[in-house]
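Letter by letter, the chains look like this.
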Amino acid sequence: MDNNDVFKKLRVALMLRDDEIVDILKLVDFNISKSELGAFFRKEDHPNYRECGDQVLRNFLNGLVIHLRGTKDNPKNPGEVLMKKPAKPLKQKRPDFKTQQQKRINKDITNVKYKNKKKS
């Protein structure tokens, strides 16, 4: 198991997005872009795949400790930090087509009765 696999598994287990990982790395003064980070999570046969070095993984783990536990001056409870993750907002169901069309109808116009209506 290489560093990329460890990084991927931590990302999935902790449900971290790329921007959250970038923020965690900034806690230890390690700057990395989202595109560079995305290269670590690609498949090995992808042309933009990049091997995750020891330095990147080490800094991520150190930042993760600070993110979850806090500092000596400002300690945190890791369980609370993990539970504070905002839940994804539920997508609201769109009204069906018929309901949308009925909303568009101008109700001020009355129905017209035609004189030469065909009988069916």
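Residues numbered from 1 in each chain as written. Predicted model: local features only at pLDDT ≥ 70, side-chain atom pairs only at ≥ 80, totals over all residues. Heavy atoms only, no water.

Draft legend 1. Up close: the overall build of the chain. Of the regular secondary structure elements, the chain holds six helices and zero strands. Going from N to C terminus, the chain has its helices and strands arranged as α-α-α-α-α-α. A burial count over the chain gives 23% of its 120 residues as buried. Taking as baseline every contact in the chain between residues at least 6 positions apart, the subset at least 24 positions apart corresponds to 56%. Of the roughly 10600 Å² of accessible surface on the chain, a fraction of 52% belongs to carbon and sulfur atoms. (Helix = DSSP H or I, 4+ residues; strand = E, 2+ residues; numbered from the N terminus. Buried < 20%, exposed > 50% of the residue type's maximum accessible area, 1.4 Å probe, protein only. Contact = heavy atoms within 4.5 Å. Areas by Shrake-Rupley, 256 points an atom, 1.4 Å probe, with all protein chains shown as cover.)

Draft legend 2. The nonpolar core, seen in detail. Ranked by size, the top nonpolar core spans 19 residues in total, and within it Phe7, Ile21, Ile32, Leu37, Phe40, Val56 and Phe60 carry the most contacts. Among the elements of the structure, helix H2 (18-26), helix H3 (34-40) and helix H4 (54-69) are those that each provide at least two residues to this core. A total of five residues in this core trace back to one element, the largest contributor, which is H4. The residues touching Ile21, leaving out its near neighbours within four places in the chain, are Phe7, Arg11, Leu16, Leu37, Phe41 and Phe60. (Core = buried A, V, L, I, M, F, W, Y, C linked by side-chain atoms within 4.5 Å.)

Draft legend 3. Quick peek at helix H1 (residues 3-13). Along H1, the residues that are buried comprise Asn3, Asn4 and Phe7. Looking down the long axis of H1, one finds its buried residues gathered within 100° of arc, a one-sided arrangement. Residues of H1 that are exposed and point over 90 degrees away from its buried face: Lys9, Val12 and Ala13. Of the surrounding elements, those touching the buried residues of H1 are H2, H3 and H4. Just past H1, the residue Met15 takes up positive phi, approximately 55°. (Arc of directions from axis to C-beta.)

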